[in-house]
Amino acid sequence: MINHLFPSIPVPLIQIALGSAITLVSPHFNFYLEPELFFVLFIAPLLYNDGKHTPRGELWRLRTPIFLLAVGLVFATVFVVGYCIHWMIPSMPLPVAFGLAAILSPTDAVAVGALAGRIRLPKSLLHLLEGEGLMNDASGLVAFKFAIAAAVTGIFSLANATMSFLVIFIGGLLAGAVTAVVITGIRSLLRRSGLENETLHTLIHILTPFTLFLIAEELGLSGILAAVAGGVVHAIERDHSHKIKSRPDESADHTWSIIAYLLNGLVFIVLGVQLPDVFSVVFESADFNNFVVIGYAVAIYILLILLRFVWVFAYSRMKNPNQTKVSLKLLTMTSLSGVRGAVTLAGAMTIPLTIASGDPFPERSLTIFLAACVIVLSLLSASIFLPLLARNKTEDGEEDMAKQEHEGQLRMMRSAILAVRHATTEENEGEAALVITQYHRWIRHAQFDKRKCRKTGLRIKAIEIERDVIRQLLDSGVISERHASLSLWNLSEIEQIESGRVQPWLIVLRRLIKSIVGYISGKKIPYIGI
């Protein structure tokens, strides 16, 4: 509802602010985030749902850049940023610096998806970010665990770490795929035996991601990748079911859309609840200079953006060596789209309090604080700069694509009506009529939406012409400056309503308040109706 009134503010930032407000309104409110439980309850089902809906063809087509970003860039970040952090903060041991860089390396698929709902990113970039977000959580968390284990025990073997990473990574994908095949097989067996209870099948759907995650983790593999692989397998099974039976598991799909909506919101609210405690530990401590530690966070974030920019630029030149010009705008958008989220903070919270010798873990509070600051900086910069970069040609291309998709949908629905009419017999005449009526209703809705958009565009153009006329009348002295000001103000508010940025009742309320204040102050500001 707040986003409806202030559409320029991204929903994730509003949710983080509301989460932080809980701790301000109720100072005694205490909420401890159990990281392992957070991964099970939030990350597993959300990544399973993303894996289920991410286009598999795009994932395969972009497999090379996704792998380079999700694995190659993660390890480049660990070493490059880790060494820079250790150089910048000598009191932070190198393994701890590697751990901080590792937990900052994965982008948050949930945060990217939430921002993409407001920012019109190019389709290819959006699919690349989705694929990266699905895969790099696992590689970042595995690298983080090895770095923290080295910091706790003081022992690290590159050969053992590399072998363990391959086992955990590949094993997680295989475990998720095999478990998902078993679950879908059980569901198919239940359906063939005549058990078509939608409640039962919906319950199986809901429990699937948790089952995938817990089985893989129990085997010592990546539960996150198991959830992603399970989502992809489920999507394949769903497509196969569509060929056999129309609209299967519709109830489960609706239920999952509600669950994903709730979990997406709760992720950012939980993140907002954690931030005040994380910040207060450092800000209230005499061991830290507040301006210096904030400077550390800004420097680390800039370093992450630069490394991502250089990595993507190098891949673009290697892929197309004959290309003389690389799109600087697209490279910048790709770099800023590397948003960090709740996965980073949840991982940082798993840092132990002590090391093997019993001494306190070195710079634990500072590490968590820097991770939280980078999360906030990445969300703010993406929210501010991506909408500016995503305008102009990108918007024109997207509008052309949307127009083509709209025309394609209308053609498909009309073809479906013809197909149903050809397949109509005396036995299915009633059902065929219902289907045809439904298609006609969908076509009318689609055409109405298109006419509404065209009308809005014409109205906004007309408002621009009215503005020009008012300015001409003012310059020629036909109307007074006060009259012109009121008229322009009126047009500006009508434009906000037409474009959907502000609701009419809010304009009316704002004008009433202005009129009352003006009347009380003696300025007698007139109330102009809409």
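Since this is a predicted model, take the numbers as computed values, not measurements. (Residues numbered from 1 in each chain as written. Predicted model: local features only at pLDDT ≥ 70, side-chain atom pairs only at ≥ 80, totals over all residues. Heavy atoms only, no water.)

Asks: Just give me the short version of the overall build of the protein chain, but keep the residues and values in it.
Replies: Along its length, the protein chain carries 20 helices and 0 strands. Buried positions account for 42% of the 530 residues belonging to the protein chain. Taking all contacts inside the protein chain whose residues are at least 6 apart in sequence as the whole, residues at least 24 apart take part in 77%. Counting only carbon and sulfur atoms, one obtains 66% of the accessible surface of the protein chain, whose full area is about 28500 Å². (Helix = DSSP H or I, 4+ residues; strand = E, 2+ residues; numbered from the N terminus. Buried < 20%, exposed > 50% of the residue type's maximum accessible area, 1.4 Å probe, protein only. Contact = heavy atoms within 4.5 Å. Areas by Shrake-Rupley, 256 points an atom, 1.4 Å probe, with all protein chains shown as cover.)

Asks: Hey, could you go over the confidence of the model for the protein chain for me, with residue numbers and the actual values?
Replies: Across the protein chain, pLDDT averages 79, with 81% of residues at or above 70. Mean pLDDT across the elements of the protein chain ranges from a minimum in helix 20 (residues 504-521), with 61, to a maximum in helix 6 (residues 94-104), with 93. Predicted confidence for residues 525-530 stays below pLDDT 50, and this span has 20 contacts to residues more than four positions away or in other chains. (pLDDT = per-residue confidence, 0-100.)

Asks: Quick one: what's the story with the packing of helix 5 (residues 63-88) against helix 8 (residues 123-153), residue by residue and with numbers?
Replies: Running from N to C, helix 5 and helix 8 point in directions that differ by 35°, and their axes come no closer than 8 Å. The two elements helix 5 and helix 8 meet at a crossing, and its hand is right-handed. Between helix 5 and helix 8, the contacting residues are P65, I66, L69, A70, V71, V74, F75 and V78 on the first element and L128, G131, E132, M135, N136, S139, G140 and A143 on the second. Of the residues belonging to the contact of helix 5 with helix 8, the class tally is 11 nonpolar, 4 polar and 1 charged. (Axes fitted to C-alpha atoms, helices over the stretch in contact; angles between N-to-C directions. Left-handed = near helix turned anticlockwise from the far one by under 90°. Nonpolar A, V, L, I, M, F, W, Y, C, P; charged D, E, K, R; others polar.)

Asks: Explain a nonpolar patch on the surface to me, using residue names and the numbers behind them.
Replies: A grouping of F283, I294, V298, I302 and L306 is seen on the molecular surface, where their side chains present a nonpolar patch of about 410 Å² in accessible area. Tallying contributions element by element places helix 13 (residues 290-319) first for the nonpolar patch, with 4 residues. You can see I302 is positioned in helix 13. (Patch = residues over 30% accessible without salt bridge, like charges linked within 9 Å, V, L, I, M, F, W, Y side chains within 5 Å. Salt bridge = Lys/Arg side-chain N within 4 Å of Asp/Glu carboxyl O.)

Asks: Describe the pattern of salt bridges, listing the residues and the values that go with them.
Replies: As a working rule, side chains carrying opposite charge can pair if their charged atoms are close by. As enumerated under the stated definition, the model contains 1 salt bridge in all. Between E132 and R308 there is a salt bridge, with the nearest N and O atoms lying 2.8 Å from each other. Residue E132 is found in helix 8, and its partner R308 is found in helix 13; the two are separated by 176 residues along the sequence.

Asks: Lay out the packing of aromatic side chains in plain terms, naming residues and giving numbers.
Replies: For the structure shown, the criterion picks out 10 aromatic pairs. With centroids separated by 5.0 Å and ring planes inclined at 85°, the aromatic side chains of F75 and F165 adopt a geometry described as edge-to-face. Placement of F75 in helix 5 and of F165 in helix 9 (residues 158-192) is noted, with a sequence separation of 90 residues between them. Ring geometry for Y83 versus F98: centroids 5.2 Å apart, planes at 85°, classification edge-to-face. With Y83 in helix 5 and F98 in helix 6, the pair connects residues that are 15 residues apart, well separated along the chain. One aromatic cluster is present, built from ring pairs that chain together F38, F39 and F42. (Phe/Tyr/Trp six-rings, centres within 6.5 Å; stacked < 30°, edge-to-face > 60°.)

Asks: Requested: an account of unusual backbone geometry, with residues and values cited.
Replies: Excluding glycine, residues mostly carry a negative phi; peptide bonds, for their part, are mostly trans. Even without being a glycine, E363 presents a positive backbone phi close to 55°. Summarising the element assignment, E363 is placed in the loop between helix 15 (342-349) and helix 16 (364-389). The class of E363 is partly exposed, set by a relative accessible area of 21%.

Asks: Explain the nonpolar core to me, and be specific about the residues and the numbers.
Replies: Residues F38, M92, L100, I300, L345, F369 and L370 are the most contacted members of the largest nonpolar core, which totals 99 residues. If you tally residues by element for this core, the top one is helix 8, at 13 residues. Discounting chain neighbours no more than four positions away, the residues touching L345 are L271, Q274, L275, V278, I368, A372 and I375. With 7 residues, the next largest nonpolar core counts M413, A432, I436 and I443 among its residues. (Core = buried A, V, L, I, M, F, W, Y, C linked by side-chain atoms within 4.5 Å.)

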